[in-house]
Every structure is written in C-alpha cells, then in structure tokens.
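# An overview of the molecular structure
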Amino acid sequence: MDLGLSEKRVLITAGASGIGWAIARQFVAEGAQVLVCDIDAEAIARIDPGTGVMAIRADVSNSESVDYMFQEVQRRLGGLDVLVNNAGTSGPARPVESVSDDEWRATIGVNLDGAFYCARSAVPLLKEAGGGTVINLSSVAGLFPFAWRSPYSTAKYGVIGLTEVLARELGKHNINVNAICPGNVDSPRMERVFAMNAQSRGISVEEISAAVRNQNSMQRWVSVDEVASVIAYLCSPQARIISGQSIAVDGHTIATEY
Ligand code: NAD
C-alpha cells in the first residue's frame with residue numbers, strides 16, 4: 001500500500017537508535033525527508049549518510065535546545081508535516097520512597113516536558129503546512145500503573161493526557177494527534193530495564209525475561225519495525241480521521257507485574 005508519505009517533512013526525536021531509528025528508516029523508505037535529533041553525539045556520528053537520514057544533536061528536555069532544533073528544521077526541511085515525539089527515558093526501577101528529586105525531574109523532563117516543548121514549536125509549522133500529524137510515544141506503562149516505575153509510568157500517563165488535549169485543540173487545523181503505547185519491545189533499552197529490575201529485586205534477568213513473554217496474549221516481544229509501521233500508517237492521508245487515540249502495539253497486555 002502506498003502510504004502517500006513521499007516528500008513529507010518529518011522530525012523524529014531521539015532517532016539515532018532504538019525505536020526512533022526504526023521509524024526514521026521506515027519514513028525514508030516511504031520517500032519522506034527525515035530529520036532526527038538525539039542527545040548522544042556518538043550515536044549521531046554512527047549514522048551512515050547513505051541512509052538518507054539527517055541528524056542533529058539536541059536534548060528535548062531543554063527548551064533552548066529544542067528552539068535550536070526547530071531553527072534546523074526550518075533550515076533543512078523548510079517546514080514540517082509530521083512530528084514524532086519519540087524521546088523517552090526509562091527512569092529508575094525502584095520503590096517510590098527511594099526515588100530522588102533528580103530522578104523524578106529527569107524522567108518527567110525527557111518524556112513529558114520534551115513532548116510539550118517539541119509540540120509547542122511544531123504546531124505553527126504544521127498549521128502553516130495546512131495540516132499534519134503529531135505522534136507521541138507513550139507506553140503500556142501509560143495505560144496500566146507500573147509499580148516500581150513511578151516517574152516513568154506517571155510521565156507516560158501524562159503523554160496520553162497531552163495527546164488528547166492537543167487532538168482537541170488542533171483538529172480544526174487539520175492536525176491529527178495520537179499516542180502509541182508499545183509493550184515490551186525487543187531493544188537495547190529493555191535489556192537495561194530488566195538488568196535494573198533484576199538487581200533491585202534480587203532475581204535473575206532470565207526470570208524476568210521469561211515472565212515478560214507471558215505478559216501478552218501473543219506471547220512474544222514487539223519488534224521495532226512493528227511499532228514503526230503503525231506510526232507510518234497513522235501519518236498517512238488514509239488515517240487522517242484517526243485522532244486523540246492511544247494505540248497499544250503490545251500483543252494485548254494481560255499482565256504487567258513480573
Ligand atoms: P532508548 O532508551 O533506546 O533511547 C533511544 C534514544 O533516545 C537514544 O539514542 C538516546 O540517546 C535518545 N535520548 C535519550 N534522552 C534524550 C533526550 N533528552 N533528547 C534527545 N534524545 C534522547 O529508547 P527506545 O527503547 O527506542 O524507546 C523510544 C520511545 O518508546 C520512548 O519514548 C520509550 O519510552 C517508548 N517505549 C519503549 C519501549 C521499549 O520496550 N523499548 C516500550 C514502551 C515505550
């Protein structure tokens with residue numbers, strides 16, 4: 001199916017690795033012009049220019065850095081049709097009483113402040129383009145309360161709130177806004193999260209990993225490409241009437257504790 005994304009101007013935050021990189025590759029394959037940002041300069045340097053993905057260093061949790069990024073959006077893309085707010089950090093995996101001020105603020109800062117800063121700067125450009133799409137990466141942790149992940153789970157509930165408010169505010173400008181809620185994605189991040197959880201709980205990574213497979217009806221991990229494909233479809237002209245939704249890409253979550 002032709003998704004009609006050819007020549008669309010797309011900004012993906014935290015796109016130098018993980019899910020963001022899979023989204024970037026998917027959009028390039030559809031003929032879009034893609035700019036990614038990332039906080040990790042080394043990950044940016046590893047991007048092969050031959051892939052067609054443009055990249056800049058920016059920290060979405062810092063509004064000045066986001067202002068700089070949008071100057072680059074104007075300079076390199078000349079406007080914007082799609083914003084994918086993908087940046088998110090997993091935060092600590094510990095009981096709430098041992099979460100520090102800094103851990104709380106840093107997790108909310110990347111996951112929620114970052115989505116707000118980028119949407120605030122993107123909206124005038126999307127309006128100027130006559131419409132467009134905003135995709136916010138929430139999580140299954142934004143649909144179900146995740147114990148031991150209070151900053152992350154709270155931020156991801158907030159991302160869904162932001163999505164619904166923006167959808168209501170921007171629909172009349174032909175801008176649709178949706179949240180994607182991935183389950184456990186086969187990615188380097190989940191290896192880090194499981195290692196943190198295993199250490200905090202005094203159990204093995206293998207025990208956690210086995211339990212996770214039984215957390216969804218499909219009994220397997222989600223791939224980065226499965227997340228990217230749903231996002232590409234939601235940015236296509238065929239999906240313009242879909243807005244204000246939180247779409248789980250999770251194999252149908254049936255448990256969240258492990
Ligand atoms: P990740 O942890 O692998 O990080 C991807 C990239 O984000 C890295 O290149 C990192 O340098 C960059 N980054 C971190 N902080 C940044 C900042 N302040 N500004 C700019 N870039 C920054 O993440 P991922 O697993 O690819 O997840 C992507 C999104 O999907 C996140 O919002 C995450 O919460 C969400 N999600 C992931 C999973 C999963 O299983 N991986 C599950 C549910 C939701």
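Residues numbered from 1 in each chain as written. Predicted model: local features only at pLDDT ≥ 70, side-chain atom pairs only at ≥ 80, totals over all residues. Heavy atoms only, no water.

A tally of regular secondary structure across the protein gives eight helices and seven strands. Taken over C-alpha atoms, the radius of gyration comes to 18 Å for the protein, in line with the 18 Å a tight globule of 258 residues would show. A principal-axis box enclosing the C-alpha atoms of the protein has dimensions of 50 × 40 × 40 Å. Residue pairs in contact within the protein that sit at least 24 positions apart in sequence constitute 71% of those at least 6 positions apart. Of the charged side chains in the protein, 21 are positive and 28 negative, and the gap between their average positions amounts to 4 Å. (Helix = DSSP H or I, 4+ residues; strand = E, 2+ residues; numbered from the N terminus. Rg over C-alpha atoms; globule rule 2.2 N^0.38 Å. Contact = heavy atoms within 4.5 Å. Lys, Arg positive; Asp, Glu negative; His and termini not counted. Charge placed at Lys NZ, Arg CZ, Asp CG, Glu CD.)

Among the 27 residues in the neighbourhood of the ligand, the closest are listed as Ser-17, Ile-19, Asp-38, Asn-86 and Tyr-152. Between a nitrogen atom of the ligand and a main-chain N or O atom of Ile-39, the distance comes to 3.2 Å. For the ligand, whose accessible area on its own is 840 Å², the fraction buried by protein is 92%. Of all the secondary-structure elements, those providing two or more residues to the shell around the ligand are helix H1 (18-29), helix H5 (150-170) and helix H6 (188-201). Here the shell around the ligand takes three residues from H6, the largest share from any one element. Split into classes, the residues belonging to the shell around the ligand amount to 12 nonpolar, nine polar and six charged. (Near = heavy atom within 4 Å. Polar contact = N/O pair within 3.5 Å; in protein donor to acceptor, adjacent residues only side chain to side chain. Areas by Shrake-Rupley, 256 points an atom, 1.4 Å probe, with all protein chains shown as cover. Nonpolar A, V, L, I, M, F, W, Y, C, P; charged D, E, K, R; others polar.)

Here the focus is H1. An ideal rise of 1.5 Å per residue puts 16 Å on 12 residues; H1 measures up with 17 Å between its terminal C-alpha atoms. Within H1, the full set of buried residues consists of Ile-19, Gly-20, Trp-21, Ala-22, Ile-23, Ala-24, Gln-26 and Phe-27. In this fold, the buried residues of H1 make contact with strand E1 (9-12), strand E2 (33-38), strand E3 (53-57), strand E4 (82-85) and helix H8 (224-234). (Expected span 1.5 Å × (residues − 1). Buried < 20%, exposed > 50% of the residue type's maximum accessible area, 1.4 Å probe, protein only.)

The subject of this paragraph is the packing of aromatic side chains. Considering all chains together, one arrives at two aromatic pairs under this definition. Taking the centre distance of 5.6 Å and the plane angle of 50 degrees together, the rings of Phe-116 and Tyr-117 count as tilted. The class for Phe-116 is partly exposed, based on a relative accessible area of 37%. (Phe/Tyr/Trp six-rings, centres within 6.5 Å; stacked < 30°, edge-to-face > 60°.)

A few words on the pattern of salt bridges. Tallied over the full model, the rule gives six salt bridges. In this structure, Arg-76 engages Glu-72 in a salt bridge whose closest nitrogen and oxygen atoms are separated by 2.9 Å. With a gap of four residues between them, Arg-76 and Glu-72 both fall in helix H3 (residues 63-77), about one helical turn apart. Given the relative accessible area of 31%, Arg-76 is considered partly exposed. Across the pair Arg-94 and Glu-103 runs a salt bridge, and its minimum N-O distance is 2.3 Å. (Salt bridge = Lys/Arg side-chain N within 4 Å of Asp/Glu carboxyl O.)

Spatial strand order, E3-E2-E1-E4-E5-E6-E7: seven strands in an open sheet with parallel pairing. On the outer flanks of this sheet lie E3 and strand E7 (246-249), each paired with one strand and no other. The average undirected angle you get between the axes of adjacent strands in this sheet is 20 degrees. Against the sheet, H5 contacts strand E5 (132-137), strand E6 (175-182) and E7, and its axis sits at roughly 160 degrees relative to E6. (Pairing = 2+ DSSP bridges. Axes fitted to C-alpha atoms, helices over the stretch in contact; angles between N-to-C directions.)

What follows concerns unusual backbone geometry. Backbone phi values are negative for most residues with the exception of glycine, while trans is the configuration of most peptide bonds. One non-glycine residue, Glu-7, lies in the positive phi region at around 70 degrees. Residue Gln-219 is not a glycine yet carries a positive backbone phi of 55 degrees. Secondary-structure assignment places Gln-219 in the loop between helix H7 (205-213) and H8.

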